Amino acid sequence: QSALTQPASVSGSPGQSVTISCTGTSSDVGSYNLVSWYQQHPGKAPKFVIHEGSQRPSGISDRFSGSTSGTTASLTISGLQSEDEAEYFCCSYAGTSIFFYVFGTGTKVTV
Amino acid sequence: QVQLQESGPGLVKPSETLSLTCNVSGGSISSYYWSWIRQPPGKGLEWIGYIFDSGSPSGRANYNPSLKSRVNMSLDTSKNQFSLKVGSVTVADTAIYYCARQVGGAEYFDPWGQGTLVTVSS
């Protein structure tokens, strides 16, 4: 089972928007609307920011938004701030007959 | 609120068994599913498996097929903790190991423990 494909890095200036793609297959992203996104600062544990493709939990800034189209999920960070600089990982449910959960390769966001 | 804390040896010799425990506070271990996830230094995340309280003594687990032959998970409701064992370890098992609560249905992981680095070396 291959990891979901993400760009290695994206960058933007403060106030701009960036979008991170997460490409899977018909067995994971394309079959289930169950993609989650995690933010990880250096030396810290991942922090959950989006679930079910586009649902933002309470306490997470509305500058974070998610969407899914076919086998590709996306995370958009608008109004970039310095504290958004981190590694971001996607994760998709892949069903109980395969690998259950598969993570993305990770994207470094530089502000 | 639920908090998780991993504990266990930071150094394991090749071919031996890696053993970690995750202590859960602020909530009952019987109320959720619980996962182990690892991250080799400088690399991405890998789901290892999950366990839940099925009523049986050690819980019921499902594992990543790529690790299934070497992994065993258990839980102890009396201590509100769950454990991970990975057998026949190699240097490829060197990673930061995280425990996390798994939210079934929506299928996401929150919260996570702080993580513990396990190095496989002779």
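Here is a short report on the structure shown in this document. Model, not experiment: these values are computed from the prediction.

1. As for the interface of chain B and chain A
Taken together, the contact between chain B and chain A spans 24 residues of the former and 18 residues of the latter. When chain B packs against chain A, close to 1,700 Å² is buried across both sides, 69% of that on carbon and sulfur atoms. One can count zero salt bridges joining chain B with chain A. Listing elements by their share of the side of chain B that touches chain A, those giving two or more residues are strand E4 (33–39), strand E5 (46–52), strand E6 (60–63), strand E9 (95–103) and strand E10 (108–112) of chain B. For the side of chain B that touches chain A, a count of residues per class yields 11 nonpolar, nine polar and four charged.

2. A few points about the pattern of salt bridges
Close approach of charged atoms allows side chains of opposite charge to pair. All names here are of chain B. Per the counting criterion, the structure on display carries four salt bridges over all chains. Asp93 is the salt-bridge partner of Arg38, the closest N and O atoms lying 2.8 Å from each other. Residue Arg38 is found in strand E4, and its partner Asp93 is found in the loop between strand E8 (81–86) and E9; the two are separated by 55 residues along the sequence. Both residues of the pair, Arg38 and Asp93, count as buried. Taken together, the shared-partner salt bridges in this structure form one network comprising Arg38, Glu46, Arg70 and Asp93.

3. Quick notes on the environment of A:Glu83
Residue and element names in this part refer to chain A. Along the chain, Glu83 turns up in the loop between strand E6 (72–77) and strand E7 (86–95). A relative accessible area of 45% means that Glu83 is categorised as partly exposed. It is 31 Å that separates the C-alpha atoms of Glu83 and Gly30, two residues lying 53 residues apart in sequence.

Here is what the cut-offs are and how they apply
- Residues numbered from 1 in each chain as written.
- Chains lettered and ligands numbered in written order.
- Predicted model: local features only at pLDDT ≥ 70, side-chain atom pairs only at ≥ 80, totals over all residues.
- Heavy atoms only, no water.
- Contact = heavy atoms within 4.5 Å.
- Buried area = accessible area lost by both parts, 1.4 Å probe.
- Salt bridge = Lys/Arg side-chain N within 4 Å of Asp/Glu carboxyl O.
- Helix = DSSP H or I, 4+ residues; strand = E, 2+ residues; numbered from the N terminus.
- Nonpolar A, V, L, I, M, F, W, Y, C, P; charged D, E, K, R; others polar.
- Buried < 20%, exposed > 50% of the residue type's maximum accessible area, 1.4 Å probe, protein only.

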